[in-house]
Amino acid sequence: MEALLYPDPLLDPSSPTRGALPAYWVGPRHLAGDDGRLYDAVADTLAGLGWTSLVIVRGRQEPNEAPGDRQVVRSTILHISPDTLRWAQWVLPDEPFHLGEPPIAWQISARGRPDSPLASWSAHFTTGIPGEVLSDFLLALDADDQPTTALMDPELVMDVVAEHGWLRDADQPDSAAMHPTFTSRLSFGEVPPLIQDRDPRALSVEAEEPGAMGWQAWAELGMGASYLWAASLSASVPHSLAAAFASSLSSTAPVLRQVLPMSTRDRLLRAPAS
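What you are looking at is a predicted structure, and each value in this text was computed from that prediction instead of being measured.

## Some points on the overall build of the chain
Alright, step 1. Of the regular secondary structure elements, the chain holds five helices and 13 strands.
Alright, step 2. Within the chain, the fraction of its 274 residues that count as buried is 47%.
Alright, step 3. At a minimum sequence separation of 6, the contacts of the chain that also span at least 24 residues come to 64%.
Alright, step 4. For the chain, the exposed area adds up to about 13,200 Å²; of that, 56% sits on carbon and sulfur atoms.

Rendered as structure tokens:
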């Protein structure tokens, strides 16, 4: 959907009356935030695809227990595809893991066979990333008959973002690109340690050895500034799925928002939704 965008008026992201807030089409989407509903946006997509959801609670927390004495508690919500080959887990509550500074909110994985006990690959997404990007990634994953087979060349990912106006890195034109405002970046390189993948280097690599290669993306308002959000796709994520993620992230189509991030609201263009 196309809409005429302009910088005013400002929205108040701290307003407690979300339902009373006006809705706006805003862009660019990579700075639009998650609208305060990252779980709902993705869960609605998964429900529409017929994925099953269940709550998993691990560990124990006693009433009035001192913080230093309590055991680790993680309550997560797991969504599983009908064929059980793919799943998405909301991992934010209780004891969050971090990717850079922001906490990881969604972990998405797939395996090649229903009887395989381990995921073939995993992708991690923090808070702040637009829910539309995750939904598009999941729609592509659900439609993929071979979710663990890399059928495409990594160049496909670079082609997609270049078509949307992103700039290839002069030093790494085949593996890195950025938004023209230099606020978001996508690159193919060594993934962070302990990102689950069938490539054994993901868990066994020594400090001095190069790790497995995968796609990463993040947004920051300046060199050395805190990440607004981050995403990491492990080494075995098919490039076709990475391209679906990159295409949605770099899309110039505006997204619907009621709540804007304080850090980027002055950089966003917006138009009333009605």
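Next, the rest of the story.
## Brief notes about the nonpolar core
Nonpolar side chains in soluble globular proteins generally cluster together in the buried interior.
Alright, step 1. Counting 39 residues, the largest nonpolar core has W106, W121, F125, F137, L186 and F245 as its most contacted members.
Alright, step 2. Among the elements that line this core, the one with the most residues is helix 5 (residues 239-250), at six residues.
Alright, step 3. Listed in part, the seven residues of the second largest apolar core include Y24, V26, V255 and L268.

## Considering the pairing of strand 1 (residues 24-27)
Alright, step 1. Residues of strand 1 alternate between two faces, with Y24 and V26 on one and W25 and G27 on the opposite face, all of them buried.
Alright, step 2. Both strand 1 and strand 12 (residues 255-257) contribute to a ladder of three bridges, which runs antiparallel. The residue bridging Y24 from the neighbouring strand is R257, located in strand 12.
Alright, step 3. Pairing of strand 1 with strand 13 (residues 269-272) involves four bridges; the strand directions are antiparallel. Along strand 13, the bridge assignment pairs W25 with A271.

## Points about the pairing of strand 9 (residues 184-190)
Alright, step 1. Counting buried positions along strand 9 gives five out of seven residues, so the element sits mostly inside the fold.
Alright, step 2. Examined bridge by bridge, strand 8 (residues 176-178) and strand 9 share three bridges and lie antiparallel to one another. By the bridge assignment for strand 9, M178 is matched with R185.
Alright, step 3. The turn joining strand 8 and strand 9, which pair antiparallel and follow one another in sequence, is formed by five residues; a positive phi near 65 degrees is taken by F182.
Alright, step 4. In terms of strand pairing, strand 9 meets strand 10 (residues 213-220) through seven bridges, oriented antiparallel. Residue pairing in the sheet places R185 in a bridge with W218 of strand 10.

## Notes on helix 2 (residues 131-143)
Alright, step 1. The terminal C-alpha atoms of helix 2, which comprises 13 residues, lie 18 Å apart, in line with the 18 Å expected from a rise of 1.5 Å per residue.
Alright, step 2. All buried positions along helix 2 are accounted for by G131, V133, L134, S135, F137, L138 and L141.

## Topic: the packing of aromatic side chains
Alright, step 1. In this structure the tally under the stated criterion is eight aromatic pairs.
Alright, step 2. Ring geometry for Y39 and W90: centres 5.3 Å apart, planes at 65 degrees, overall edge-to-face. Separated by 51 residues along the polypeptide, Y39 in helix 1 (residues 38-48) and W90 in strand 4 (residues 86-90) bring together distant segments of the chain.
Alright, step 3. Using a relative accessible area of 21% as the deciding quantity, one classes Y39 as partly exposed.

## Thoughts on the pattern of salt bridges
Alright, step 1. If you walk through the whole model with that rule in mind, you get seven salt bridges.
Alright, step 2. Its salt-bridge partner being R86, residue D83 comes within 2.6 Å of it at the nearest N-O pair.

## Let's talk about the environment of A88
Alright, step 1. Checked against the element boundaries, A88 lands in strand 4.
Alright, step 2. Residue class for A88 comes out buried when judged on its relative accessible area of 0%.
Alright, step 3. Sequence separation between A88 and H124 is 36 residues, and the spatial gap between their C-alpha atoms is 9.8 Å.
Alright, step 4. Beyond its immediate stretch of four places on either side in the chain, A88 contacts L46, W51, I77, L78, H79, W106, Q107, I108 and L138.

## Section: the side chain of D144
Alright, step 1. Among the secondary structure elements, D144 is positioned in the loop between helix 2 and helix 3 (155-163).
Alright, step 2. There is no salt bridge for the buried D144, and the closest opposite charge comes from R86, which lies 5.8 Å off by N-O distance.
Alright, step 3. Discounting chain neighbours no more than four positions away, the residues touching D144 are R86, S240 and L241.

## Looking at a nonpolar patch on the surface
Alright, step 1. Residues L151, M152 and L156 make up a contiguous nonpolar surface patch of about 270 Å² in total accessible area.
Alright, step 2. Positionally, L156 belongs in helix 3.
Alright, step 3. Among the residues examined, L156 registers a relative accessible area of 30% and is labelled partly exposed.

## What to know about the sheet that holds strand 1
Alright, step 1. In spatial order, the strands read 12-1-13; together these three strands make up an open sheet with antiparallel pairing. Sheet topology places strand 12 and strand 13 at the edges, where each strand pairs with a single neighbour. Strand-to-strand twist across the sheet, computed as the mean angle between neighbouring axes with direction ignored, equals 35 degrees.

Rules used throughout
- Residues numbered from 1 in each chain as written.
- Predicted model: local features only at pLDDT ≥ 70, side-chain atom pairs only at ≥ 80, totals over all residues.
- Heavy atoms only, no water.
- Helix = DSSP H or I, 4+ residues; strand = E, 2+ residues; numbered from the N terminus.
- Buried < 20%, exposed > 50% of the residue type's maximum accessible area, 1.4 Å probe, protein only.
- Contact = heavy atoms within 4.5 Å.
- Areas by Shrake-Rupley, 256 points an atom, 1.4 Å probe, with all protein chains shown as cover.
- Core = buried A, V, L, I, M, F, W, Y, C linked by side-chain atoms within 4.5 Å.
- Pairing = 2+ DSSP bridges.
- Expected span 1.5 Å × (residues − 1).
- Phe/Tyr/Trp six-rings, centres within 6.5 Å; stacked < 30°, edge-to-face > 60°.
- Salt bridge = Lys/Arg side-chain N within 4 Å of Asp/Glu carboxyl O.
- Lys, Arg positive; Asp, Glu negative; His and termini not counted.
- Patch = residues over 30% accessible without salt bridge, like charges linked within 9 Å, V, L, I, M, F, W, Y side chains within 5 Å.
- Axes fitted to C-alpha atoms, helices over the stretch in contact; angles between N-to-C directions.

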